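Notes for the structure review
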Amino acid sequence: MVAMYSLIKKICICGFAISIVTSTDSFTLCFEKNCYSWLYCDIVDGNAVCSCPYGYHLQADNISCAYDLCSTKSCEQTCEIVSGQAVCSCQFGYYLQPDGISCGNVLCLSKSCEQTCEMVFGQPVCSCQLGYYLQADEISCGIDLCSTKSCEQTCEIVSGQAVCSCQFGYYLQPDGISCGNVLCLSKSCEQTCEMVFGQPVCSCQLGYYLQADEISCGIDLCSEQSCQYSCEMVSGQAVCSCPYGLHLQADSRSCAFGKQLSVRSMILIVFGAAYILFLVVFFPVYYQYSKRFNKLAPTIVRFHAETQSTVVQGLAQNQYNNVDV
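Basis of the calculations
- Residues numbered from 1 in each chain as written.
- Predicted model: local features only at pLDDT ≥ 70, side-chain atom pairs only at ≥ 80, totals over all residues.
- Heavy atoms only, no water.
- Buried < 20%, exposed > 50% of the residue type's maximum accessible area, 1.4 Å probe, protein only.
- Helix = DSSP H or I, 4+ residues; strand = E, 2+ residues; numbered from the N terminus.
- Pairing = 2+ DSSP bridges.
- UniProt positions renumbered as here; feature names shortened; annotations may be inferred.
- Phe/Tyr/Trp six-rings, centres within 6.5 Å; stacked < 30°, edge-to-face > 60°.
- Disulfide = S-S within 2.5 Å.
- Patch = residues over 30% accessible without salt bridge, like charges linked within 9 Å, V, L, I, M, F, W, Y side chains within 5 Å.
- Areas by Shrake-Rupley, 256 points an atom, 1.4 Å probe, with all protein chains shown as cover.
- Salt bridge = Lys/Arg side-chain N within 4 Å of Asp/Glu carboxyl O.
- Polar contact = N/O pair within 3.5 Å; in protein donor to acceptor, adjacent residues only side chain to side chain.
- Contact = heavy atoms within 4.5 Å.

Time to look at the pairing of strand β24 (residues 237–241). Put simply, side chains in a regular strand alternate between the two faces of the sheet. Side chains of β24 alternate between two faces, with Ala238 and Cys240 buried and Gln237, Val239 and Ser241 left unburied. As defined by bridge partners, strand β23 (residues 230–234) adjoins β24 across 5 bridges and the pair is classed as antiparallel. The partner of Glu232 across the bridge, within β24, is Val239. What sits between β23 and β24 in their antiparallel hairpin is a turn of 2 residues, with Ser235 showing a positive phi close to 55°.

Next comes the structure, spelled out in structure tokens:
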């Protein structure tokens, strides 16, 4: 066992001896160092060096670990522990901003930005946080009312009010939010207009349907019809319809499997069934009759031939008796 704590010597061919610290010696050095844990002890140049897990920092004694308050501070540049508190600091040429976390360029001090300052191409430029907008003086920030305006394209603050606007080739629709193509102005849609394959097409809002003139909108009564599948407005009336393979039932709302037959189809089906029944009954009778007739045919022919011969002989005899000798 003593040999395990000793140095292993290897004799080189040239006659020199080198010594190698074994893993047992490493364990012994870390054990004597008494670090936070043997898992956080490394051997550097034959000496035990302590380290700390994530979220902790090594204290001045280079042995014990303390909770690192800077791990949750999120400082932009550097963080220091001062009197047990995590304090952010900035590098040379920067200053700590009012949020106590981010750093700003010293050139921004002359800009007097209300919220934040950024360096753009070497020049200080003011900017605002989310929910605010940069006012005309390019220094102060105002509440960004556009964040709740939901404009379709662009939004601007005019006299303290959020106003929607549209890009070139579009116009602001009556709702004050959405934008329509200028080609829709010639369509005169009652509610909304959309561009479909480069052509203006009118459409209606929820609860309305596009009427036959393809411009005006009518109240969609289908919302009250409670159709099982689909509903269409026909001449101002809500009409239910069924998909292929189903037919509309008597309640004019629900659908059932199969196809509803017309009166003509029903008549054709009845006559077809009667014809099939007639053939089923008539054919066996006809077959039996034909079979019996085929058996009696030779007898009838022979009787007819014998009768014809007798008649011919009688006529000849009668003719002979009438001749004067």
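The subject of this paragraph is the pairing of strand β8 (residues 85–89). Of the pairings in the sheet, the one linking strand β7 (residues 78–82) to β8 comprises 5 bridges and is antiparallel in character. Each bridged residue has a counterpart across the sheet, and for Cys79 the counterpart in β8 is Cys88. Between β7 and β8, which pair antiparallel in sequence order, lie 2 residues; one of them, Ser83, sits at a positive phi of approximately 55°.

Here the focus is the UniProt feature "domain: EGF-like" (unreviewed entry) in the protein chain. According to UniProt, the positions carrying the feature "domain: EGF-like" (unreviewed entry) are residues 34–66, 69–104, 107–142, 145–180, 183–218 and 221–256. For residues 183–218, the helix share is 0%, the strand share is 42%, and the end-to-end C-alpha distance is 23 Å.

Here the focus is the packing of aromatic side chains. Summed over all chains, the structure comprises 1 aromatic pair. Here Tyr56 and Tyr67 contribute two aromatic rings whose centre-to-centre distance is 5.8 Å and whose plane-to-plane angle is 85°, an arrangement assigned as edge-to-face. Note that Tyr56 is positioned in strand β5 (residues 56–58) and Tyr67 in strand β6 (residues 65–67), a separation of 11 residues in sequence. Residue class for Tyr67 comes out partly exposed when judged on its relative accessible area of 44%.

Here the focus is the state of the cysteines. For the coordinates displayed, the defined rule picks out 18 disulfides. Residue Cys146 pairs covalently with Cys155 via a disulfide, S to S 1.9 Å. Torsion about the S-S bond of the Cys146 and Cys155 cystine: about -80°, corresponding to left-handed handedness. Looking at Cys146, the relative accessible area reads 16%, which means it is buried. Residue pairing for Cys222: its cysteine sulfur links by disulfide to Cys231, the two sulfurs lying 2.0 Å apart. The S-S bond linking Cys222 to Cys231 shows a torsion near -75°; that makes this disulfide left-handed. Overall, the relative accessible area of 16% leaves Cys222 in the buried class.

Here the focus is a nonpolar patch on the surface. Taken together, the side chains of Tyr275, Ile276, Leu277, Phe278, Leu279, Val280, Val281 and Phe282 make up a nonpolar region of the molecular surface, amounting to roughly 830 Å² of accessible area. Mapped onto the elements, Leu277 comes out in helix α3 (residues 263–321).

This brings us to the side chain of Ser140. In this fold, Ser140 is placed in the loop between β13 (132–134) and β14 (141–143). Here Gln135 takes part through its side chain, which lies 2.9 Å from a polar atom of the side chain of Ser140. Within the local environment of Ser140, its side chain forms a polar contact with the side chain of Asp137, the two groups lying 2.7 Å apart. Once you skip the residues sitting within four places of it in the chain, Ser140 turns out to touch Glu114, Cys128, Tyr133, Leu134 and Gln135.

Phi angles above zero are rare outside glycine, and Ser112 is one such case at about 60°. Mapped onto the secondary structure, Ser112 falls in the loop between β10 (103–105) and β11 (116–120). Positioned with a positive phi, Ser252 is a non-glycine residue whose angle comes to about 60°. In this structure, Ser252 sits in the loop between β25 (246–248) and β26 (255–257).

Considering the arrangement of structural elements, one finds Val239 in strand β24. For Val239, the residues in contact, after removing those within four places along its chain, are Ser230, Cys231, Glu232 and Val234.

Turning to its location among the elements, Pro124 is positioned in strand β12 (residues 123–127). The exposure class assigned to Pro124 is buried, which follows from its relative accessible area of 17%. Residues Pro124 and Cys108 lie 16 residues apart in sequence; the distance between their C-alpha atoms is 5.3 Å. Residues in contact with Pro124, not counting those within four places in the same chain, are Leu107, Cys108, Lys111, Cys117, Glu118 and Met119.

So, on to the environment of Cys155. Note that Cys155 resides in strand β15 (residues 154–158). Overall, the relative accessible area of 26% leaves Cys155 in the partly exposed class. The spatial distance from the C-alpha of Cys155 to the C-alpha of Asp144 is 10.0 Å, given a sequence separation of 11 residues.

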